[in-house]
Amino acid sequence: MASISSSDNDIIAIAITDSDQIGSETAIEEVSISTTQIETWDLPSILRYRRVKVQAHRSRLVEQSSYFHGMLNWSFSESRLDQISIEWDLEAFLNVLKCIYGCPIDITGDNFLAFYEGALYFGVKFLLEKCKTWFSEAASSIVIPQIPLDNLISIWNFGIKSGNDFLLESCGSYLAKNFMWAISRKSFVDIPYSLLVICIRHPHLTMESEMHLCDALLIWLDANTGDSDGLSSTETNYSSILKQIHLSLLPLWFTEGKRRSCHFSKLADESIISVFRLLKVPPTDSIHFLEDGDFKDTRIRLTEHSKTMNLSSCIQITSAMLLLSLLPSTYSTDSKLRKNIKQLLVKLESVDRYLNPVSHGLLPMLSFKAVEEVNISKCGRLHLQASIECFSMSFPSLKILKAAYLLDFNIKTLRLLVQKCPTIREVDLTLDTSPVISEQVSDNFVVTGDKPVAVDKSSIYKSHLMLSNITKLILEGRSELCDSDLLHISKFCIYLQHLNVKGCTGLTDVGISTLIQRQHVTLQSILVCYTSFGLNSVLALCSSSHGTDDTSAHFPESMAFNLQTLHIGGCKCVDETSLLKLLSQTRMLKSLCLGDTHLTDRTLYSLAGSSLEMLDVSNTMVSGAAVAHVVYGNPGLKCLRVKGCRNLCQRESNTGEGEISSYFCGELEMALGKTCRLEELSVGWGFSHFSIEALKAAITSLREITVSLGGSLGEGALIQLPTACPSLQSIVLQFQVISDDIIINIMETLRNLRVLALCYCFGDISILGFKFSMPNLRKLQLERVTPWLTNKDLVILIRSFPNLVELALLGCPHLNSDSQQIISHGWPGLVSIHLEECGEVTANGVSSLLKCVALEDLLLRHNGPGLQKSFICYAASKMPLLRKVSLDFCDASEGCFDVPPDDQKCSLRAVKLARCKSRECGLTLPFLEPRRKPVHKETLVLEWTGKNVIKKVAKERL
């Protein structure tokens, strides 16, 4: 600090009264301090006083503060006084004094406004510049936001009140760059309209997708406008902000779901029309279509601060739209460069692109160095190789690519991705898993295309391999994947830590074991449910890194020892001995799935380690004592799935009446209640109302519960459930006794419930239980529980659950063809519809349901024989995201269905066609004609893979 004169004439007392402490009964009256000890001030202690008297140097104040310069420089009567009084925020003023005396101060998002206002009022130029510098740096930062949204709003309001352009511009820039963070805050709806407008129009507006912008604006409008009826002119002006949305870039399911919004209904129509207009244009011709229109509405928003580009479910996106979004905006309308753009697109989408690599200098592609994640899932019209070329030129830091539900993404494409984007770390190529497992297929199945082949090193790609940095690879559901593909992956993905090949039925045990051996050092998570994972793979996991089979002394060197995730559910090739060998060597497991395997108590007791967070032993023969042993050893368990485990329940006979009762294993209940805080629980046999009471401490944080066959909660426990588990978001009840009181209690209490499934339950319930608004509910499944359901009841369900995206109804005989219009109008954003044995819903054909253009999963069975032969082809053309169709030949008006050819199937992945046969029922008497009813015979399944179409016939009704 600068030297300060200590003469008595230079000393002045400043009496500061804290405006917030006036009238406070807890504040101490007064304290005196001096600036000579300013560096040792204990602010927390000083701030307890209502009034603080500070001895300060007149010359220092005059020199550093224009406020005190004017007051103490013989211009006012106060200049002759030995003491002056100031009413101000005490902490803020003391910090202003510290700054005047050269002490270091720490500006944060919480105190910035107090410092800035103090510096401005008292005219402390140094502090004012320091505040401006800090706020400018905070506004331009791309790290975690430093200013809480509440404080930002206060700063904006102060800027408006004081006419401070610096604050207003900085607030707009800050909010625009941190928009994704802001919309997750509760105070987002408190943002002033003027600030929101500046943010939305700001060139640095940064978000993951157009959907996030639209959803945020609608939430803000709902909170800041009155009733939808009779909007005022101000509210109408508020709604005009929605015109800033690029309607052509919204996913169909989102737009349809928002169609009922009073603010968005007209814009939703425009968006749907725009999307389908784009869908009518072949991807290869889209550049010609785009050059005749307005690029702005189809331009993907990206800024230098963008970290994620999310185009998921935007089926309308093409390579041309992606490319134009990665060019400077001026180039998209420059006629001189359109020829170059077309040439580049042709080259990108050429079959000879591997022979003629694209020159990065052909066009001035923008570089977005902050982008680390891209999501193109369900973007079926994107040319993948062309997209990867674009990513390589514009996203040099790309780490995560999500490309789920894209059939065309194969191993050759993956290799190109690795070569073009060397920074990639995670790749998600998920497909729907096959609806048919091998045991369900009858002898007379037909397979078209290539069968899985054994490992043949001579068939592996022999060209130069570029090693990748991929650590996480998800190939779930890709049944076309064969052993040679897996071996090729193991050769260039040498750092693989997480591999998911669940449902990859084309892989053999030899192929899986070969990959495991190659990834022995790095692999930590392996998910191989419903594959041929067997003895060879177990041996590979248990072998030491030195290749010996003597693992008893080498546990730390075996892969099994270090595994954190092991999912082998449904792998029937693993016998009890192999399971015992594998589980006895695990020590670090956090997630373990053994459902539908040959798991026994002896095997489960061998499980070592104490880090389990998820355990799935569904549909196995383990006992409650064995599961309790694991629970005691893993106090961090959060998810337990024991549905279908008959041996969990203990039986007790009542000798007096000869009855036998079953109850959940008391030892398991005790273990869970003492050690765990569960978030997910799936139970069945033996689970009862006593279990709820015993598990009270363990289920207070429960988010998902499933009670299935063999469980019996009873009305008392079900009434108690919402109170015992106040955080529940998903409830699935199967074969339970339910009543209106139970439903009403769930609806009234669990306001954040997202999934409600009532399947084959007993008891009398009516529509009364569903007359409660639950806007957060997303999935409703009612199977064999609402036989009374009518069209009027459907309307009530729509009012209560306006935001459903999945609907399943089974056994509602009173519904008719009018039900289609009610469903499609009330829930236009549905992505899944299952209607079975629902009266005459399809007796007159299907027209209204096809208005749910965002559908991905459609099941219509035994609802009336009105389905045309061409229904599948027609539905696929009307619903571009449709992946799964399940029908019954009983509903075919002409007795059969046409299967769409490859060039007309759009997004179709699986078609299931059930066939029935007649069977006599009731008594057979010679004078009566026997009654016959249809029963299931078989299911024809067609699956499209990236290579071919597979046809199978299964005995089960899939």
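Residues numbered from 1 in each chain as written. Predicted model: local features only at pLDDT ≥ 70, side-chain atom pairs only at ≥ 80, totals over all residues. Heavy atoms only, no water.

1. A few points about the overall build of the protein chain
So the rule is basically this: In DSSP terms, a helix is any run of H or I states spanning at least four residues, a strand is any run of E spanning at least two, and both are numbered starting from the N terminus. Working definition: with a 1.4 Å probe on protein chains only, accessible area under 20% of the residue-type maximum means buried, over 50% means exposed, and in between means partly exposed. In this analysis, two residues are considered to be in contact whenever any of their non-hydrogen atoms come within 4.5 Å of each other. Exposure was quantified through the Shrake-Rupley algorithm and a 1.4 Å probe, taking into account, for residues, occlusion by the shown protein chains and nothing else.
Looking only at helices and strands, the protein chain features 33 helices and 30 strands. A buried classification covers 55% of the 958 residues belonging to the protein chain. Across the protein chain, the fraction of contacts at a sequence separation of at least 24, relative to all contacts at a separation of at least 6, is 72%. Accessible surface for the protein chain amounts to roughly 41,500 Å². Of this, 50% is attributable to carbon and sulfur atoms.

2. Notes on the layout of surface pockets
To keep it simple, the criterion reads: Throughout, the protein atoms alone are placed on a 1 Å grid, and a set of points is a cavity if a 1.4 Å probe fits but cannot get out or a pocket if it is open with protein on both sides within 12 Å along at least five of seven lines; lining residues have an atom within 4 Å of a point. Grid points are joined across faces, edges and corners, and a volume is the space filled by probe spheres set on the points. Residues are grouped as follows: Ala, Val, Leu, Ile, Met, Phe, Trp, Tyr, Cys and Pro are nonpolar; Asp, Glu, Lys and Arg are charged; every other residue, Gly included, is polar.
Estimates place the volume of the second largest pocket at around 1,200 Å³. Lining the second largest pocket are 41 residues, with Gly380, Arg381, Asp408, Cys906 and Ser907 sitting closest to its centre. Those elements giving two or more residues to the lining of the second largest pocket turn out to be α14 (265-279), α18 (384-394) and α33 (871-878). A total of 3 residues in the lining of the second largest pocket trace back to one element, the largest contributor, which is α33. Of the residues belonging to the lining of the second largest pocket, the class tally is 18 nonpolar, 10 polar and 13 charged.

3. A few points about empty space enclosed by the protein
Throughout the structure, instances matching the rule amount to 1 cavity of 30 Å³ or more. Its volume calculated, the largest cavity comes out at about 100 Å³. Lining the largest cavity are Met207, Glu208, Ser209, Glu210, Leu249, Ile300, Arg301, Leu302, Thr308, Met309, Asn310 and Leu311. No other element matches the 3 residues that strand β5 (residues 308-310) contributes to the lining of the largest cavity. Grouping the amino acids of the lining of the largest cavity by side-chain chemistry returns 6 nonpolar, 3 polar and 3 charged.

4. Things to note about the packing of helix α5 (residues 112-122) against helix α6 (residues 125-140)
Going by this rule: Angles here are taken between N-to-C directions and fall from 0 to 180 degrees, while the axes themselves are lines fitted to C-alpha atoms, restricted in helices to the stretch in contact. Take the far helix as the reference: if the near one is turned anticlockwise from it by less than a right angle, the crossing is left-handed, and if turned clockwise, right-handed.
Contact pair α5 / α6: the axes reach a minimum separation of 8 Å and the direction vectors enclose 145°. Here α5 and α6 pass one another in a crossing that is left-handed. Touching Phe112, Phe115, Tyr116, Ala119 and Leu120 of α5 are Leu127, Leu128, Cys131, Lys132, Trp134 and Phe135, all from α6. Here the contact of α5 with α6 is built from residues that sort into 10 nonpolar, no polar and 1 charged.

5. Observations regarding the confidence of the model for the protein chain
What counts here: Confidence of the predictor at the level of single residues is captured by pLDDT, which takes values from 0 to 100.
Residues at a pLDDT of 70 or more form 85% of the protein chain, whose mean pLDDT is 85. A low-confidence stretch, residues 1-5 stays under pLDDT 50, and its non-local contacts, those more than four residues away or across chains, total 10 contacts. Confidence drops under a pLDDT of 50 for residues 546-555, and excluding neighbours within four residues, the segment shows 12 contacts in the predicted structure.

6. Side note on the packing of aromatic side chains
Any pair of aromatic rings gets described here by the distance separating the centres and the angle formed by the planes. Just so we agree on the cut-off: Under the pairing criterion, centres of Phe, Tyr and Trp rings, with the six-membered ring standing for Trp, must be within 6.5 Å; the plane angle then separates stacked pairs below 30 degrees from edge-to-face pairs above 60, leaving the rest tilted. Look at NZ for Lys and CZ for Arg. If either is within 6 Å of the ring centre and within 35 degrees of the ring normal, a charge sits over the ring.
Here the structure, examined in full by the defined rule, presents 26 aromatic pairs. With a centroid separation of 6.0 Å and 10° between ring planes, the pair formed by Phe68 and Phe122 is classed as stacked. Highlighted residues: Phe68 in helix α3 (residues 66-72) and Phe122 in helix α5, separated in sequence by 54 residues. Each member of the pair, Phe68 as well as Phe122, is classed as buried. With a centroid separation of 6.5 Å and 90° between ring planes, the pair formed by Phe770 and Phe801 is classed as edge-to-face. Taken together, the positions of Phe770 in the loop between β22 (755-759) and β23 (779-783) and Phe801 in the loop between α31 (791-800) and β24 (806-810) put the pair 31 residues apart, joining distant regions of the chain. Of the two residues, Phe770 and Phe801, both sit in the buried class. Through a chain of ring-to-ring contacts, the aromatic side chains of Tyr67, Phe68, Trp88, Phe93, Tyr121 and Phe122 assemble into a single cluster. In this arrangement the basic side chain of Lys132 is found over the ring face of Phe166, its NZ or CZ atom lying 5.7 Å from the centre.

7. Quick look at helix α10 (residues 193-201)
Given 3.6 residues to a turn, an α-helix orients residues that are three or four positions apart in the same direction. Looking only at α10, the buried set comprises Leu195, Leu196, Val197, Cys199 and Ile200. Residues of α10 that are buried sit in contact with α7 (149-162), α8 (165-177), α9 (179-182) and α11 (210-224).

8. Some words on the pairing of strand β19 (residues 680-683)
As a reminder, the rule being used: In this description, strands pair whenever DSSP reports at least two bridges between them. Looking down the strands as they point away from the viewer, one classifies a crossover as right-handed if the path from the first strand across the helix to the second runs clockwise.
Residues Glu680 and Ser682 line one face of β19 and the alternating positions Leu681 and Val683 line the opposite face, and both faces are buried. Sheet topology places strand β16 (residues 639-641) next to β19; 3 bridges connect them, and they run parallel. Counted as the bridge partner of Cys639 is Glu680 from β19. Sheet topology note: the β19/strand β20 (residues 704-707) ladder contains 4 bridges and is parallel. Looking at the pairing, Glu680 lines up with Glu704 of β20. Following the chain from β19 across helix α28 (residues 689-694) to the adjacent parallel β20, one finds a crossover that is right-handed.

9. Some words on the environment of Leu431
Inspection of the secondary structure puts Leu431 in the loop between β8 (426-428) and β9 (446-447). Residues Leu431 and Lys502, spaced 71 residues apart in sequence, show a C-alpha to C-alpha distance of 9.9 Å. What Leu431 contacts, discounting residues up to four positions off in sequence, is Tyr405, Leu406, Leu407, Glu476, Gly477, Arg478, Glu480 and Arg909.

10. Some words on unusual backbone geometry
Residue Tyr405 is not a glycine yet carries a positive backbone phi of 65°. If you trace the backbone, Tyr405 turns up in the loop between β7 (400-402) and α19 (411-420). Tyr405 sits in the partly exposed class, given a relative accessible area of 28%.

11. Topic: the nonpolar core
Here is the rule we go by: Only buried residues count toward a nonpolar core. Its members are Ala, Val, Leu, Ile, Met, Phe, Trp, Tyr and Cys residues joined through side-chain atoms within 4.5 Å.
Counting residues in hydrophobic clusters, the biggest one holds 186 residues, and the most contacted among them are Ile376, Phe533 and Phe770. Within the second largest apolar cluster, 89 residues are counted, among which are Val54, Ile86, Val96 and Ile191.

12. Some thoughts on the environment of Tyr174
Among the secondary structure elements, Tyr174 is positioned in helix α8. Separated by 34 residues in the primary sequence, Tyr174 and Ser140 place their C-alpha atoms 6.8 Å from one another. Every residue in contact with Tyr174, bar those within four places of it in the chain, is listed here: Ala138, Ala139, Pro145, Gln146, Ile147, Leu152 and Trp181.

13. Observations concerning α18
For α18, the tally of buried residues reaches 11 of 11 residues, placing the bulk of the element in the interior. Residues of α18 that are buried: Leu384, Gln385, Ala386, Ser387, Ile388, Glu389, Cys390, Phe391, Ser392, Met393 and Ser394.

14. Notes on the environment of Ser434
Applied cut-off: Under this definition, polar contacts are N or O atom pairs within 3.5 Å; protein pairs additionally need one hydrogen-donor-capable and one acceptor-capable atom, and for neighbouring residues in sequence, both atoms have to be side-chain atoms.
Mapped onto the elements, Ser434 comes out in the loop between β8 and β9. Under the relative-accessibility criterion, Ser434 is labelled buried at 13%. Along the backbone, Ser434 and Gly503 are 69 residues apart, and their C-alpha atoms lie at a distance of 6.6 Å. If we ignore the near neighbours within four places in the chain, the residues touching Ser434 are Glu943 and Lys952. A polar side-chain atom of Ser434 sits 2.8 Å from a polar atom in the side chain of Glu943.

15. Some details on the side chain of Ser578
With respect to the helices and strands, Ser578 occurs in helix α24 (residues 576-583). Setting aside anything within four residues of it in sequence, one finds Ser578 in contact with Leu535 and Val538.

16. Comments concerning the state of the cysteines
Let me state the cut-off plainly: A pair of sulfur atoms, both from cysteines and within 2.5 Å, is called a disulfide here.
Summed over the entire model, instances satisfying the criterion amount to 0 disulfides. Free of any disulfide, Cys99 has its nearest cysteine sulfur in Cys131, 7.8 Å distant. By relative accessible area, Cys99 is classed as buried at 6%. In this structure Cys838 is not part of a disulfide, and its nearest cysteine sulfur, from Cys812, lies 4.5 Å away. Overall, Cys838 belongs to the buried group, its relative accessible area being 0%.

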